[in-house]
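Chain residues, written in single-letter form:
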Amino acid sequence: MTETVSPRITRGTLADGREIIFFDDTEPHLSGAATREVHDPRPLDARVMPPHDAASIRIDPLTGSHVALAAHRMNRTFLPPADEDPLAPAGRGTVPSEIPEPEYDVVVFENRFPSLQGPLEVYRDEPLFHETSPAGRCEVVCFTSDWEGSFAELGHRRARTVIEAWTHRTRELSRLDGVAQVVPFENRGEEIGVTLHHPHGQIYAYPYLPPETADVARQAREWRQRTGGDLLGDVLEAELTDPVRVVAETASWVAYVPFAAKWPVEFMVMPRRAARDFTELTDAEKDELTDLYLDLLARLNRFFESVEHLPYIAAWHQAPVRGGDDISRMRLHVFSLLRAPGKLKYLAGSESAMGAWINDTTPERIAQRLREIAP
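Residues numbered from 1 in each chain as written. Predicted model: local features only at pLDDT ≥ 70, side-chain atom pairs only at ≥ 80, totals over all residues. Heavy atoms only, no water.

Peer 1: Even after reading the chapter, I still don't get the packing of helix α2 (residues 211–227) against helix α3 (residues 231–241), so can you show me in this structure?
Peer 2: Packing of α2 against α3 brings their axes to within 9 Å, and their N-to-C directions diverge by 85°. In terms of their interaxial angle, α2 and α3 are classed as roughly perpendicular. In contact with Val-216, Gln-219, Ala-220 and Trp-223 of α2, α3 contributes Leu-231, Leu-232 and Asp-234. Counted by class, the contact of α2 with α3 contains five nonpolar, one polar and one charged residues. (Axes fitted to C-alpha atoms, helices over the stretch in contact; angles between N-to-C directions. Helix = DSSP H or I, 4+ residues; strand = E, 2+ residues; numbered from the N terminus. Parallel < 35°, antiparallel > 145°, perpendicular 65-115°, else oblique. Contact = heavy atoms within 4.5 Å. Nonpolar A, V, L, I, M, F, W, Y, C, P; charged D, E, K, R; others polar.)

In structure tokens:
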């Protein structure tokens, strides 16, 4: 483990009014020997809310699920070549960069094409049809200024800076009016549906509890009412008692394959103590998490011998800001749609139409493979 460095944080404003935040962990900016005076020369119009008929959140009257409508995202940037990378430092490409600085370490900025933005406003409130503004916030997190590479290749220091960025943004986004849950996530690989190759992730500040969180909140509430126990803590204890699905452990964290894993490659990471989000972690816990996360992501790239970079989704399920009081702790969920080299698990009739999952392997086999490929 390398020495932890607290990044220097600098704020700026882009040409259309969006916020951008730099997290510097190298010189000359780390010490303040050089300062950032963010100037975005692009002739962008001031950002405005999309019209009601293009962007909103509606509630499905049959299921109660929220659906965000974002017609303004239809023509957003899609898999540009390296010389048109909008996340490259300014001056390196042939198109204006979203980051108007000639170099950077880690950067967070408001998404130019957000599905969630602005304050909450009710557009329609009827017995069956409920519609609001697309409230919340969407941010982009650039892990590195390099076009190539992945999170698994960042190294401890840079990955630790990203965790500090997640912590900073969780703290601030959780304070916004109407935010219910803050979720950092990463989509890796074209098979997953990424629209930019540059190593990056996103953060969504939802104005409602997403279905996955709502389901866990309901289960946790019912478990506490029935047993008096802490559902997430009790699940973790049960996995450790019969560790056939445990992949790796540290003093503060446990990585395991869920008992009812849905995906052909999947694992979770959970803190041993009830830390609800990044803001409640100690520096020592963040250091451990950094090394464990890098280890696990590297294992993904060895899961199939002929697959160099396994596509995956990594989502940090932090405890909700409001609602879900019985969700005691955060957890990381990482999974891949690749069931074999060159073969994806398509969510066909049973999964997509009915939400009835069928896995093509077993959690125990997934865990065994992840243990086999440990460094």
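Following the structure, the description resumes.
Peer 1: I'm lost on the packing of helix α1 (residues 156–173) against helix α4 (residues 283–300) in this one. Help?
Peer 2: Each pair of packed helices can be described by the angle between their axes along with the distance between the axes. Interhelical geometry of α1 versus α4 gives an angle of 120° and a closest axis separation of 9 Å. In terms of their interaxial angle, α1 and α4 are classed as oblique. The two elements α1 and α4 cross, and the hand of that crossing is right-handed. Taking contact as the criterion, the partners of His-156, Ala-159, Arg-160, Ile-163, Glu-164, Trp-166 and Thr-167 in α1 are, on α4, Asp-283, Lys-286, Asp-287, Leu-289, Thr-290, Asp-291, Tyr-293 and Leu-294. Within the contact of α1 with α4, the residues separate by chemical class into six nonpolar, three polar and six charged. (Left-handed = near helix turned anticlockwise from the far one by under 90°.)

Peer 1: Is there a simple way to think about empty space enclosed by the protein in this case?
Peer 2: Where empty space is left in the structure can be found by rolling a water-sized probe over the atoms. Applying the stated criterion to the full structure yields two cavities of 30 Å³ or more. Considering only enclosed or pocket space, the largest cavity measures out at about 50 Å³ in volume. As for the largest cavity, its lining consists of Ser-150, Phe-151, Ala-152, Arg-188, Leu-297, Leu-300, Asn-301, His-309, Leu-310 and Tyr-312. Per-class residue counts for the lining of the largest cavity are six nonpolar, three polar and one charged. By volume, the second largest cavity amounts to about 40 Å³. In terms of lining residues, the second largest cavity is bounded by Gln-181, Glu-212, Thr-213, Val-216, His-317, Gln-318, Ala-319, Ile-327 and Arg-331. Take the lining of the second largest cavity: its biggest share by element is three residues, from α2. Looking at the lining of the second largest cavity, its residues break down into three nonpolar, four polar and two charged. (1 Å grid on protein atoms, 1.4 Å probe; cavity = no way out; pocket = protein on both sides within 12 Å on 5 of 7 lines; lining within 4 Å. Points joined across faces, edges and corners; volume = space filled by probe spheres on them.)

Peer 1: Hey, could you run me through the pairing of strand β10 (residues 181–188) in this one?
Peer 2: One face of the sheet, then the other: side chains in a regular strand alternate in exactly this way. Summarising burial for β10: seven of the eight residues are buried, a large majority. With five bridges connecting them, β10 and strand β11 (residues 200–206) associate as antiparallel partners. Residue pairing in the sheet places Val-182 in a bridge with Ala-205 of β11. Both β10 and strand β15 (residues 312–317) contribute to a ladder of four bridges, which runs antiparallel. Pairing of Glu-186 across the sheet is with Ala-314, part of β15. (Buried < 20%, exposed > 50% of the residue type's maximum accessible area, 1.4 Å probe, protein only. Pairing = 2+ DSSP bridges.)

Peer 1: Would you explain the sheet that holds strand β4 (residues 66–70) in this entry?
Peer 2: Within a sheet, each strand pairs with its neighbour through backbone hydrogen bonds, oriented either parallel or antiparallel. Reading across from one edge, β4-β3-β8-β7 is the order of the four strands in this open sheet, with antiparallel pairing throughout. Edge positions in the open sheet fall to β4 and β7 (122–125), since each of these has one partner strand only. Direction aside, neighbouring strands of the sheet carry axes that sit 15° apart on average. The sheet contact formed by strand β3 (residues 55–59) and β4 spans five bridges and is antiparallel. Residue pairing for β4: Arg-58 is matched across the bridge by Val-67.

Peer 1: What is the right way to read the packing of aromatic side chains from this model?
Peer 2: Any two aromatic rings considered together are summarised by their centre-to-centre distance and by the angle between their planes. For the structure on display, the rule yields 13 aromatic pairs. Both rings, one in Phe-143 and one in Phe-151, keep their centres 5.0 Å apart while their planes meet at 80°; by these two values the pair is edge-to-face. Neither residue differs from the other here; Phe-143 and Phe-151 are each classed as buried. When the ring of Tyr-293 is compared with that of Trp-316, the centres are 5.2 Å apart and the planes differ by 75°; the resulting orientation is edge-to-face. Of this pair, Tyr-293 sits in helix α4 while Trp-316 sits in strand β15; the two residues are 23 residues apart in sequence, bridging distant segments of the chain. Trp-316 sits in the buried class, given a relative accessible area of 2%. (Phe/Tyr/Trp six-rings, centres within 6.5 Å; stacked < 30°, edge-to-face > 60°.)

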